[in-house]
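# Summary of the model geometry
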Amino acid sequence: MAEAARSEQLGKGAALLALSALLFSLMGVLIREASVTVNNETIVFARNLIGMLFFLPMILLRGFAPFRTQRLGSHMLRAFYGLGAMYCFFYAIAHLPLADAMVFTYAAPVFTPILAWLFLREQLTQRMMLLVLLGFAGVLLVAKPTGALFDIKGLVGIGASLLAAMAWVSIRIMSSSEPTSRIVFYFSTFAALFSAIPLFWAWHPLTAHDLLLLGGLGLLATLAQLVMSHAYSLAPLGRIGPFSYLAIVFSGIIAWLFWGELPDASSWLGAGLIFLSTLLSIAMPARRAK
């Protein structure tokens, strides 16, 4: 009976994570469509504003007590990394094939072990380094380096992955005292405030169609995060984590249907290497140092 219940929870978690991957892919479609007439600064602000407004009913009902913190500086630093990753990611969606842009989103684990070693002094074994190099090779295949320098679009995509990894490390630092809801609240709040600054020079009037796209992508992003969080509450990351990579598959199918985009062999091989490195890091936990 207990085994059947665990299997049911695992199945629900995997299904919900697959659903969140589909929602993130649809969010990418709306970002791509909005970027035709709306600049990147406005899209990022709209995404964060809707995320911040999500917490208002909770504050009205429960007060501000659940969100009191002694680590305001850490929350600001996490928002800085996360917001930078968002700017880069949204730019990549607007200027790269959708499936390639989604690959960069899920390439953050490639950089996380090295950053955790640098900032948290966590163990970095030879096996972990091998997996990092394997994943980074995948990133290079997707970014497609040209000549001695990266193409600016691929470089921005790599920047999105690196900044997202920095955000993950900052979350790990705070997780000892800060619950997930508080971390998300301060990220949404600070990100909305910081991303409002560029609007002083980047703002332009929006049409009803623009507002509809911005509202839709903000709601999809918030819903996707909620579904993803619930999925991880039902089953361990190591068991269902690879299902998040379905976002790359969904994005590839959607981009083919909407825009006739087909990832080339280099992109598929790179995505496969990133997926493999992450899957191996989950399936074979590192041994403790002696």
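Check the entry above for the structure.
Quick look at the structure, then.

Once that is clear, we can look at the overall build of the protein chain. If you tally the helices and strands in the protein chain, you get 14 helices and zero strands. When the elements of the protein chain are put in sequence order from the N terminus, they spell out α-α-α-α-α-α-α-α-α-α-α-α-α-α. When burial is assessed residue by residue, the protein chain has 45% of its 290 residues classed as buried. For the protein chain, the computed accessible surface area is about 15000 Å², with 72% contributed by carbon and sulfur atoms.

All right, on to the environment of Ile173 then. As for its position among the elements, Ile173 is in helix α8 (residues 152–174). Sequence separation between Ile173 and Arg78 is 95 residues; the distance between their C-alpha atoms is 9.9 Å.

On inspection of all chains with the given rule, the structure shows 12 aromatic pairs. Pairing Phe64 with Phe185 gives two aromatic rings, centres 5.8 Å apart and planes at 70°, and the pair type is edge-to-face. With Phe64 in the loop between α3 (56–62) and α4 (72–95) and Phe185 in helix α9 (residues 180–196), this residue pair connects regions lying 121 residues apart in the sequence. Since its relative accessible area comes to 33%, Phe64 is described here as partly exposed. With a relative accessible area of 7%, Phe185 lands in the buried category. Members of the aromatic cluster, joined through ring pairs, are Phe54, Phe55, Phe64, Phe67, Phe185, Tyr186, Phe190 and Phe194. Across the ring face of Trp259, the terminal group of Arg32 is positioned such that the distance to the ring centre comes to 4.7 Å. Looking at Arg78, its charged tip hangs above the ring of Phe187, at a distance of 4.1 Å from the centre.

Now for the packing of α4 against α9. One can describe the packing of α4 onto α9 by two numbers: an axis separation of 8 Å at closest approach and a directional angle of 65°. In the crossing of α4 with α9, the sense of the turn from one axis to the other is right-handed. Packed against α4, whose contacting residues are Leu72, His75, Met76, Arg78, Ala79, Gly82, Leu83, Met86 and Tyr87, the element α9 presents Arg182, Ile183, Tyr186, Phe187, Phe190, Ala191, Phe194 and Ser195 at the interface. Among the residues forming the contact of α4 with α9, the class breakdown is 12 nonpolar, three polar and two charged.

Turning next to the pattern of salt bridges. Applying the stated criterion across every chain yields a total of two salt bridges. The residue Arg32 makes a salt bridge to Glu261 at a minimum N-O spacing of 2.9 Å. Pair noted here: Arg32 is in helix α1 (residues 2–34) and Glu261 is in the loop between α13 (246–259) and α14 (265–283), with a separation of 229 residues, a long-range link. We note that Arg32, like Glu261, is buried.

This next bit is on the environment of Leu212. Looking at the element boundaries, Leu212 is found in helix α11 (residues 208–234). Taking relative accessible area as the criterion, Leu212 reaches 65% and is therefore assigned exposed.

Put simply, α4 and helix α5 (residues 98–105) touch, their axes get as near as 7 Å, and they point 160° apart. Classified by the angle their axes make, α4 and α5 are roughly antiparallel. In the crossing of α4 with α5, the sense of the turn from one axis to the other is right-handed. Side by side, α4 and α5 meet where Phe89, Ala92 and Ile93 of the first sit next to Leu98, Ala101, Met102 and Thr105 of the second. Its residues assigned to classes, the contact of α4 with α5 comprises six nonpolar, one polar and no charged.

This paragraph deals with α11. Taking 1.5 Å as the rise per residue, α11 with 27 residues should run 39 Å; its terminal C-alpha atoms sit 39 Å apart, in good agreement. Every buried residue of α11 is accounted for by Asp210, Leu213, Leu214, Gly216, Leu217, Gly218, Leu220, Ala221, Thr222, Ala224, Val227 and Ala231.

To continue, consider the nonpolar core. Soluble globular proteins: nonpolar side chains tend toward being buried together. Judged by nonpolar contacts, the single largest core of 65 residues is most densely connected at Met27, Ile43 and Leu214. Per-element accounting of this core gives the leading share, 10 residues, to α4. Filtering out sequence-adjacent residues up to four positions away, Leu214 remains in contact with Ala34, Val38, Thr42, Ile43, Ala46, Ile50 and Leu206.

By secondary structure assignment, the location of Arg47 is in helix α2 (residues 40–53). Of the side chains bearing the opposite charge, Glu41 lies closest to the buried Arg47, which forms no salt bridge; the N-O distance is 16 Å. Contact partners of Arg47, with chain neighbours within four places excluded, come to Met86, Phe90, Leu217, Gly218, Ala221, Thr222 and Gln225.

Here is what the cut-offs are and how they apply
- Residues numbered from 1 in each chain as written.
- Predicted model: local features only at pLDDT ≥ 70, side-chain atom pairs only at ≥ 80, totals over all residues.
- Heavy atoms only, no water.
- Helix = DSSP H or I, 4+ residues; strand = E, 2+ residues; numbered from the N terminus.
- Buried < 20%, exposed > 50% of the residue type's maximum accessible area, 1.4 Å probe, protein only.
- Areas by Shrake-Rupley, 256 points an atom, 1.4 Å probe, with all protein chains shown as cover.
- Phe/Tyr/Trp six-rings, centres within 6.5 Å; stacked < 30°, edge-to-face > 60°.
- Lys NZ or Arg CZ within 6 Å of the ring centre and 35° of its normal.
- Axes fitted to C-alpha atoms, helices over the stretch in contact; angles between N-to-C directions.
- Left-handed = near helix turned anticlockwise from the far one by under 90°.
- Contact = heavy atoms within 4.5 Å.
- Nonpolar A, V, L, I, M, F, W, Y, C, P; charged D, E, K, R; others polar.
- Salt bridge = Lys/Arg side-chain N within 4 Å of Asp/Glu carboxyl O.
- Parallel < 35°, antiparallel > 145°, perpendicular 65-115°, else oblique.
- Expected span 1.5 Å × (residues − 1).
- Core = buried A, V, L, I, M, F, W, Y, C linked by side-chain atoms within 4.5 Å.
- Lys, Arg positive; Asp, Glu negative; His and termini not counted.

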